[in-house]
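Next come the chains, spelled out residue by residue.
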Amino acid sequence: MAEIKAGIIIFLLTIVSLILIPLQWAAIKFRLPVQRKLPEIWHRVATRLVGIKIQQIGEPATDRPLLIAANHVSWVDIAVLGSLMPLSFIAKSEVSGWPIFGLLAKLQRTVFVNRTRRTETAQVADEIADRMAQGDAMVLFAEGTSNDGNCVLPFRSALLGAATRAVGSDETSRVWVQPLSVAYQGFYGLPMGRAHRPHVAWYGDMELPGHLWGIFSRGALDVIVRWGDPVLVDKDTDRKALTRKLERDVRAMTIASLLQKPLESEQTDDLKAFEFFSNAEKTGKAGA
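Residues numbered from 1 in each chain as written. Predicted model: local features only at pLDDT ≥ 70, side-chain atom pairs only at ≥ 80, totals over all residues. Heavy atoms only, no water.

Peer 1: Kindly report on helix H8 (residues 239–259), identifying the contributing residues and their values.
Peer 2: Compared with an ideal rise of 1.5 Å per residue, which puts 21 residues at 30 Å, H8 spans 30 Å between its outermost C-alpha atoms and is within 8% of the ideal. You can read the cap of H8 off the contacts: a side-chain oxygen lies 3.1 Å from the backbone nitrogen of lysine 240, and it is on aspartate 238. Of the residues one or two after H8, glutamine 260 is the one with positive phi, at around 55°. (Helix = DSSP H or I, 4+ residues; strand = E, 2+ residues; numbered from the N terminus. Expected span 1.5 Å × (residues − 1). Polar contact = N/O pair within 3.5 Å; in protein donor to acceptor, adjacent residues only side chain to side chain.)

Listed below in structure tokens is the structure:
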């Protein structure tokens, strides 16, 4: 039965993709506003077909320019977040060459980062800043890789420089950076324990085809998306201090979601050293 379900999902997603891909290609080519909305429609269809139930706590910021700093558990994060609002992602350059997913990422208007060439960081940050200035909400998976879903890895500050670059030297210019937590909490309506969370987490040396098939055939995931308080960035903002604050906020929200408890904001400083079922850091092969 599970195999039949997976086959049906793949078939229906193929039909939807064949309809939307040409429309999105034309929208990008002719710079039509609908280019921001069509990927959201695709992601909504995908999450509904798989059976992913999304609970949102808090709200995305309406101010622009906006950079969203999130933790990263799986490729499923893309569909979950992409189904909530029009946005684009920042991903490692290898993704652009992946079969099917590379094409979908390009049609999502993803900004690709070559992490092996640090000299290109400033150039990519400028590209992200430019997209933000155009009104695009950009999602940065600030850990730089995916994890096992039971913890939040340290945030990397390099690409958060896009926020300060978007400000520039203008005394009146402002940019918003919003922390975001994605936590996979349930499976078939039941709490998802530590042992079962790798069912959705995609990290280390996991192969994509097998993981895709597992999600399509079993699905029925419950995910909690928490939006933190946006941080106002100006030309005097310290990038490393900003990174530490965002990491603390995302870690606190993730712990609250996994434990199904209210967020205790006054305790976020104490959570920095807290390891919630944390495994040793895995290799970053799977990180987007």
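Still more ground to cover, so stick around.
Peer 1: Could you give an account of the nonpolar core, naming the residues involved and the relevant values?
Peer 2: Judged by nonpolar contacts, the single largest core of 44 residues is most densely connected at Leu81, Tyr184 and Phe216. Counting only elements with at least two residues in this core, the list comes to helix H1 (2–29), helix H2 (38–50), strand S2 (66–70), helix H3 (76–82), strand S5 (137–141), strand S6 (175–187), helix H7 (208–218) and strand S8 (221–227). No other element matches H1, which puts six residues into this core. Excluding anything up to four places from it in sequence, phenylalanine 216 contacts Lys5, Ala6, Ile9, Ile10, Leu13, Val50 and Trp75. If you look at the next biggest cluster of nonpolar residues, it comprises 27 residues, including Leu67, Ile90, Met138 and Val177. (Core = buried A, V, L, I, M, F, W, Y, C linked by side-chain atoms within 4.5 Å. Buried < 20%, exposed > 50% of the residue type's maximum accessible area, 1.4 Å probe, protein only. Contact = heavy atoms within 4.5 Å.)

Peer 1: So, the layout of surface pockets: which residues are in play, and what are the values?
Peer 2: Of the voids in this model, the largest pocket is the one considered here, and its volume is about 940 Å³. Looking at the largest pocket, it is lined by 42 residues, and the ones nearest its centre are Trp42, His43, Ile100, Phe101 and Leu104. Breaking the lining of the largest pocket down by element, the ones donating at least two residues are H1, H2, H3, strand S3 (88–92), helix H4 (101–107) and H7. No other element matches H1, which puts eight residues into the lining of the largest pocket. Residue composition of the lining of the largest pocket, by class: 35 nonpolar, seven polar and no charged. Considered as a void within the structure, the second largest pocket measures approximately 360 Å³ in volume. Surrounding the second largest pocket, 21 residues form its lining, Val113, Arg115, Arg156, Ala158 and Leu159 being those nearest its centre. Going through the elements one at a time, S3, helix H5 (121–133) and S5 are the ones with two or more residues in the lining of the second largest pocket. Of the residues forming the lining of the second largest pocket, the biggest block, three residues, is contributed by S3. (1 Å grid on protein atoms, 1.4 Å probe; cavity = no way out; pocket = protein on both sides within 12 Å on 5 of 7 lines; lining within 4 Å. Points joined across faces, edges and corners; volume = space filled by probe spheres on them. Nonpolar A, V, L, I, M, F, W, Y, C, P; charged D, E, K, R; others polar.)

The quantities given are spatial measurements derived from coordinates; they are silent on function.
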